[in-house]
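In case you want the letters, here they are:
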Amino acid sequence: MTEQKPVTEAQATAVPKTPALPDAQTVTEVQHYTDRLFRFRCTRPASLRFRSGEFVMIGLMGDPDPKTGKQKPLLRAYSIASPSWDEEMEFYSIKVEDGPLTSKLQHIKPGDEIILRPKPVGTLVHDALIPGKRIWFFATGTGFAPFASLLREPQTYEDYDEVIITHTCRTVGELTYGRELIEALKEDELLNELIGEGFWKKIKYYPTTTREDSPKMGRITDLINSGEAYKDLGVEPLNPEFDRAMICGNLAFNLELKDMLEAAGLEEGANSKPAQYVVEKAFLD
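Remember, predicted model here, so these are calculated numbers, not experimental data.

Attention now moves to the overall build of the protein chain. Assigned secondary structure in the protein chain consists of nine helices and 11 strands. Structurally, the protein chain occupies a C-alpha span of about 75 × 50 × 35 Å along its principal axes. Within the protein chain, contacts between residues at least 6 apart in sequence are counted, and of these 72% link residues at least 24 apart. For the protein chain, the exposed surface amounts to about 14,700 Å²; the carbon and sulfur share of it is 51%. Taken together, the 34 basic and 45 acidic charged side chains of the protein chain have centroids lying 4 Å from each other.

Let us look at the pairing of strand β5 (residues 88–94). Within β5, six of the seven residues are buried, which leaves the element mostly enclosed by the surrounding structure. Inspection of the sheet shows strand β2 (residues 37–43) paired to β5 by seven bridges, in the antiparallel sense. Bridge pairing in β5 places Arg 41 opposite Glu 90.

Let us look at the sheet that holds strand β11 (residues 277–279). Across the sheet, which stays open at both edges, the five strands sit in the order β9-β8-β7-β10-β11 with parallel pairing between neighbours. Of all the strands in the sheet, the pair left with one neighbour each is β9 (203–209) and β11. Each adjacent strand pair in this sheet contributes to an overall mean axis angle of 10°, direction not counted. Relative to β9, strand β8 (residues 162–169) runs parallel, the two sharing seven bridges. Among the inter-strand pairings, Cys 169 is bridged to a residue of β9, identified as Thr 209. Along the sheet, helix α9 (residues 251–263) makes contact with β7 (134–140), β10 (243–248) and β11, crossing β10 at roughly 165°.

Turning to its location among the elements, Arg 39 is positioned in strand β2. Look at Arg 39 and you get buried, because its relative accessible area is 10%. C-alpha separation for the pair Arg 39 and Tyr 92, spaced 53 residues apart in sequence, amounts to 4.3 Å. A polar contact of 2.5 Å, which involves the side chain of Arg 39, links it to the side chain of Glu 29.

Grouped together as the largest cluster of nonpolar side chains are 32 residues, with contacts concentrated most on Phe 137, Phe 144, Phe 147, Leu 151, Tyr 177 and Met 246. Those elements that place two or more of their residues in this core are β5, β7, α3 (145–150), β8, α5 (176–185) and β10. Other than its neighbours up to four places away in sequence, Phe 144 contacts Ala 139, Leu 151, Ile 165, His 167, Tyr 177, Gly 178 and Ile 182.

Spatially, six strands are ordered β4-β3-β6-β1-β2-β5 in an open sheet, and the strand pairing comes out antiparallel. The two strands at the open ends of the sheet, each matched to only one other strand, are β4 (73–79) and β5. Recorded for the sheet is a direction-independent mean angle of 40° between the axes of neighbouring strands.

Moving on: a nonpolar patch on the surface. Residues Trp 85, Leu 190 and Leu 194 make up a contiguous nonpolar surface patch of roughly 290 Å² in combined accessible area. A relative accessible area of 34% means that Trp 85 is categorised as partly exposed.

Let us now look at α9. For α9, built from 13 residues, the straight-helix expectation of 18 Å at 1.5 Å per residue is met to within 8% by its first-to-last C-alpha distance of 18 Å. Of all the positions in α9, only Phe 253, Asn 254, Leu 257, Lys 258, Met 260 and Leu 261 are classed as buried. Viewed end-on, α9 has its buried residues packed into an arc of 170°, placing them on one side of the element. The exposed set on the far side of α9, more than 90 degrees from its buried face, consists of Ala 252, Asp 259 and Ala 263. As for α9, its buried residues are in contact with β7, α7 (220–225), β10 and β11. The backbone nitrogen of Ala 252 lies 3.3 Å from a side-chain oxygen of the residue at the head of α9, namely Asn 250. Of the residues trailing α9, Gly 265 is marked for its positive phi of about 105°.

It is worth spelling out the pattern of salt bridges at this point. Under the criterion given, the structure shown has 22 salt bridges. Of the charged contacts, one joins Glu 54 and Arg 51 as a salt bridge, the two residues approaching to 3.0 Å between their closest N and O atoms. Residue class for Arg 51 comes out partly exposed when judged on its relative accessible area of 32%. Put simply, Glu 256 and Arg 219 hold a salt bridge, and the shortest N to O gap is 2.6 Å. Of this pair, Glu 256 sits in helix α9 while Arg 219 is found in the loop between β9 and α7, placing the two residues 37 residues apart along the sequence. Residue classification places Arg 219 among the partly exposed positions, given a relative accessible area of 36%. The structure contains a network of salt bridges with shared partners spanning Glu 29, Arg 39, Arg 41, Asp 86, Glu 88, Glu 90 and Arg 152.

What counts as what
Residues numbered from 1 in each chain as written. Predicted model: local features only at pLDDT ≥ 70, side-chain atom pairs only at ≥ 80, totals over all residues. Heavy atoms only, no water. Helix = DSSP H or I, 4+ residues; strand = E, 2+ residues; numbered from the N terminus. Contact = heavy atoms within 4.5 Å. Areas by Shrake-Rupley, 256 points an atom, 1.4 Å probe, with all protein chains shown as cover. Lys, Arg positive; Asp, Glu negative; His and termini not counted. Charge placed at Lys NZ, Arg CZ, Asp CG, Glu CD. Buried < 20%, exposed > 50% of the residue type's maximum accessible area, 1.4 Å probe, protein only. Pairing = 2+ DSSP bridges. Axes fitted to C-alpha atoms, helices over the stretch in contact; angles between N-to-C directions. Polar contact = N/O pair within 3.5 Å; in protein donor to acceptor, adjacent residues only side chain to side chain. Core = buried A, V, L, I, M, F, W, Y, C linked by side-chain atoms within 4.5 Å. Patch = residues over 30% accessible without salt bridge, like charges linked within 9 Å, V, L, I, M, F, W, Y side chains within 5 Å. Salt bridge = Lys/Arg side-chain N within 4 Å of Asp/Glu carboxyl O. Expected span 1.5 Å × (residues − 1). Arc of directions from axis to C-beta.

And the structure:
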């Protein structure tokens, strides 16, 4: 048995502790796709429970106040891109050079800490929809994030016979995150075992670009209105009897799609009153 030496006051205070961020989580992985887009993963609070498709507030400490030197948390709503069963958290983010948060967040690296407020909320959840046969995920840009979660959620394939994910971006590079994620589902042994071999065959992926040449050009709203999207996908037009939908994109896109869905006879739902489609109302800077 070794002798236990008393800790002196000098020893106890010799190594000051660095104050931890409030609700701090550690970054475990970062991947950059373009000069405007990146994803990162971080540790998950042990007590955090969420439904695939929800979002949380994440961020960093802001710059010190010039007068007081104090810092305040700089937080924004971010959809959780990882599914509810994942041991870590994943987020998909834009980079804005002068954005209050993203100008700093884009420089994080593994080992850094971020703030993650463990209070998930959101409307892009299965509970907000009534039963149907086919679900449409409509996304622009980083609006793909909640669907990255739902595409890896077993309930999606239990509830629907067909899953259509449309993703409209300006350039081909901006489609990389979504394309790679969907391709990875085919080789995901865990999900194929958990959901059923070949579950990914239920997915119809429809990526389009608006500025750079690609196999399919155009805004998804225009392609639906013209009937071209239905023809390309080999599906019938939207039908309120069996179609359900989720929307996540920029404000103009969300409003245009809302009008289109309602013109097709679909009604907007909510957690408190499930219906045929839902739209995310939280936006990034």
